[in-house]
Amino acid sequence: MEHRITAPNPRRVATLRAFARIASVIIWLISCAVLIGWLTNNETLKRIHPHLVAMNPLTATNFILAGASLWLLRAELDDGRRTVAHVLGGVIALTGALALPSILLGQPGIDQWLFHDRLGIGSLTPNRMSPTTATNFLLMGLALLMADIETADGTRPAQFLSMITAWVALLALVGYVYGTSSLYQIKAFIPMAPHTATTFLVLALGLLSVRPDRGLMARLTSDSAGGAMLRRLGIIIIGVPLALGWLTLIGEKANLFDTAFRFSVFVVLVMIIFSLTLWANAISLDRKEDELDMRVQERTADLAKVLAEIGEGINVLSASTAQILHSSTQLASSATDTATAVVQTTTTVEEIRQSAQVSSQNAQRVAESAQGVARISQSGTQSTEAVGAGMARIREQMESIAESMVRLSEHGQDIGQIIATVDDLAQQSNLLAVNAAIEAAHAGEQGKGFAVVAREVKNLAEQSRQATTQVRTILSDIQNATGTAVMATDQGGKAVEAGVEQSGQAGESIQALAESIAEAAQASLRIAASSRQQLAGMDQVATAMGYVKDASTRNADSARQLEESARTLNALGLRLKQLMAQYD
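Rules and cut-offs
Residues numbered from 1 in each chain as written. Predicted model: local features only at pLDDT ≥ 70, side-chain atom pairs only at ≥ 80, totals over all residues. Heavy atoms only, no water. Helix = DSSP H or I, 4+ residues; strand = E, 2+ residues; numbered from the N terminus. Buried < 20%, exposed > 50% of the residue type's maximum accessible area, 1.4 Å probe, protein only. Areas by Shrake-Rupley, 256 points an atom, 1.4 Å probe, with all protein chains shown as cover. Expected span 1.5 Å × (residues − 1). Contact = heavy atoms within 4.5 Å. Axes fitted to C-alpha atoms, helices over the stretch in contact; angles between N-to-C directions. Parallel < 35°, antiparallel > 145°, perpendicular 65-115°, else oblique. Left-handed = near helix turned anticlockwise from the far one by under 90°. Phe/Tyr/Trp six-rings, centres within 6.5 Å; stacked < 30°, edge-to-face > 60°. Polar contact = N/O pair within 3.5 Å; in protein donor to acceptor, adjacent residues only side chain to side chain. Salt bridge = Lys/Arg side-chain N within 4 Å of Asp/Glu carboxyl O.

S.K.: Hey, could you run me through the overall build of the protein in this one?
M.R.: Summing up its helical and strand segments, the protein has 13 helices and zero strands in all. When the elements of the protein are put in sequence order from the N terminus, they spell out α-α-α-α-α-α-α-α-α-α-α-α-α. The 584 residues of the protein split such that 34% are buried. Put simply, the protein shows about 34,400 Å² of open surface, and 62% of that area lies on carbon and sulfur atoms.

Structure below.
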């Protein structure tokens, strides 16, 4: 079972991160001092005390790289700096891995490259790395390389490697304090230098402090009971045995007591101190438990109030969900009916749109036909006006003929004058016939009757010419014919007058018809335009109904989904009521 860790205390996190920076500086100071000692051949800087072993130059170099890596790891959000720090850790691990086999086998190795002439190569005790130093570099290099690797359960392998290195370094320092060489030296190999062990301890603690809010360190920096116990007992468990052991060792060396008494005093003091510490922690835990009980009681009372409110809310929720379910069911039914009605309406609108399209096409054809009729009526009006003008001229000519026939009747006895008059009349009649034929041709269908008159007049002129040649033989016949002609001329004049009047009436009728046709053409154009607008409107209505149809379909689907959700919510409300009944 995974245990939840209380959030780390920000103040403790900041303090440990500051210690990591200080640790980097301490590591640089120690390692740089050693390298200066090798450069200047200063034994104090190399070994602190003449009877102690000197730190190997490669060891000091690796510590400089480790201090730089530790410093760069502070920038947790800077990927570039973290990458450089990990690479430096890989170099340190590689150095330890290469040096360890050569040290164990007694062969020349990488640890003899720097200051080769000053390492005492060939002597009984050449200065080399100790096996524990090479092992620690391998462990710390891997820890720096994996400083930001975290497993799925929150474990950080680098912290475990750092703790192993710290315990090895602490063991060596205890050996130097107690004067037990077996703790800091493996037989037949050079021992780990005391400042080397100190630097390893500082480096391990610094790497643990770089990410104090992650992994194992998160529990140490938290405000939980476990974190408080770790902080209290950690220093006592480590510091008290070391201090007591060192004090009893000094007393033994001063001949204050023997070894058995020293051991007994050590055990008794450890028991007393651990008992007092255990008692103090028990009291602290009891206080925490009392506070926890009070908080639990307060929280239980609050929970009871909350449960009561929740119960009331669940009752309201149950009633509301039932109402929502009923409403959603009706809404789903209404939405389905609406969707069906919309589908039917959409079909009807589509049929109306098709009918409007056919009507628009028919109105367009009617408008085109009306415009053609208007053009024809305008031509008829012009022809009618031309016929009226022709009839007026015919009336004038008939009046002239009547006058001529009267003079012919009055002077019928004067043959020469009759011949001249008849000859003149024949020429004028011929010209009149030609003009009448021309006007009849202009009049078209309306002038067919007048063309018949023109031909008769032409025949009359021809007969007049023949009469001039036979005037002497048919003079009497001419007189009779003249009387007859006078009567016919009078009747023709009356007929022409009636024709002129009828032609005027026909012209007025045709003009009124033309105006009516023009108005009808304009009205048909307006009807065609209205039909086009109606067709466009029906297209928009059909498109809108398509959108409404889609929306109605979606609304129906949503209503069904709402109904299902309401059923689920109603079931949830009933389930909550059942659960709340268990706490009554």
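S.K.: What is the right way to read helix 5 (residues 131–145) from this model?
M.R.: The end-to-end C-alpha distance of helix 5 is 21 Å, a good match for the 21 Å that 15 residues give at a rise of 1.5 Å each. For helix 5, the complete set of buried residues consists of P131, T133, A134, N136, F137, L139, M140, G141, A143 and L144. Where the residues of helix 5 are buried, they touch helix 3 (57–72), helix 4 (79–105), helix 6 (157–178) and helix 7 (194–210).

S.K.: Would you mind going over the packing of helix 3 against helix 7 with me for this structure?
M.R.: In helix packing, the relevant descriptors are the interaxial angle and the interaxial distance, both defined with respect to the helix axes. Relative orientation of the contacting elements helix 3 and helix 7 amounts to 15 degrees, with a least axis distance of 11 Å. Comparing their axes, helix 7 and helix 3 come out roughly parallel. Crossing hand, helix 3 versus helix 7: left-handed. Contacts between helix 3 and helix 7 involve T59, F63, A66 and L70 on the former and, on the latter, T196, T199, F200, L203, G206, L207 and V210.

S.K.: Looking at this structure, I do not really get the packing of aromatic side chains. What am I missing?
M.R.: Two aromatic rings are characterised by how far apart their centres lie and by the angle between their planes. All chains considered together, the criterion is met by six aromatic pairs. With a centroid separation of 6.0 Å and an interplanar angle of 25 degrees, the aromatic rings of W38 and F115 are classed as stacked. Of the two residues, W38 is situated in helix 1 (residues 10–40) and F115 in the loop between helix 4 and helix 5; the sequence distance between them amounts to 77 residues. Residue classification places W38 among the buried positions, given a relative accessible area of 2%. On the accessibility criterion, F115 (22% relative accessible area) is partly exposed. The interplanar angle of 55 degrees and the centroid separation of 5.1 Å between the aromatic rings of F63 and F137 together place this pair among those described as tilted. In this pair, F63 sits in helix 3 while F137 sits in helix 5, placing the two residues 74 residues apart along the sequence. Each member of the pair, F63 as well as F137, carries the same accessibility label: buried. One aromatic cluster is present, built from ring pairs that chain together F63, F137 and F200.

S.K.: I'm lost on the environment of T15 in this one. Help?
M.R.: Positionally, T15 belongs in helix 1. Residues T15 and P212 lie 197 residues apart in sequence; the distance between their C-alpha atoms is 9.3 Å. Of the polar contacts made by the side chain of T15, one reaches the backbone oxygen of R11; its length is 2.9 Å.

S.K.: How should I be thinking about the pattern of salt bridges in this particular structure?
M.R.: Pairing is possible between side chains of opposite charge, provided their charged atoms come close. Applying the stated rule across the entire model yields eight salt bridges. The closest approach of N and O atoms between R156 and E150, which form a salt bridge, is 3.0 Å. Among the salt bridges present, the one from D213 reaches R214, with a minimum N-O distance of 3.9 Å. The partly exposed category is assigned to D213, whose relative accessible area is 25%.

S.K.: Explanation requested: the packing of helix 1 against helix 7 in the structure shown.
M.R.: The contact between helix 1 and helix 7 brings their axes to 8 Å, and the two run at 155 degrees. As judged from the angle between their axes, helix 1 and helix 7 are roughly antiparallel. When the axes of helix 1 and helix 7 are compared, the crossing they make is left-handed. Facing helix 1, whose interface residues are L16, R17, F19, A20, A23, I26, I27, I30 and V34, helix 7 presents H195, T199, V202, L203, L205, G206, S209 and V210.

In short, geometric facts, not functional conclusions.
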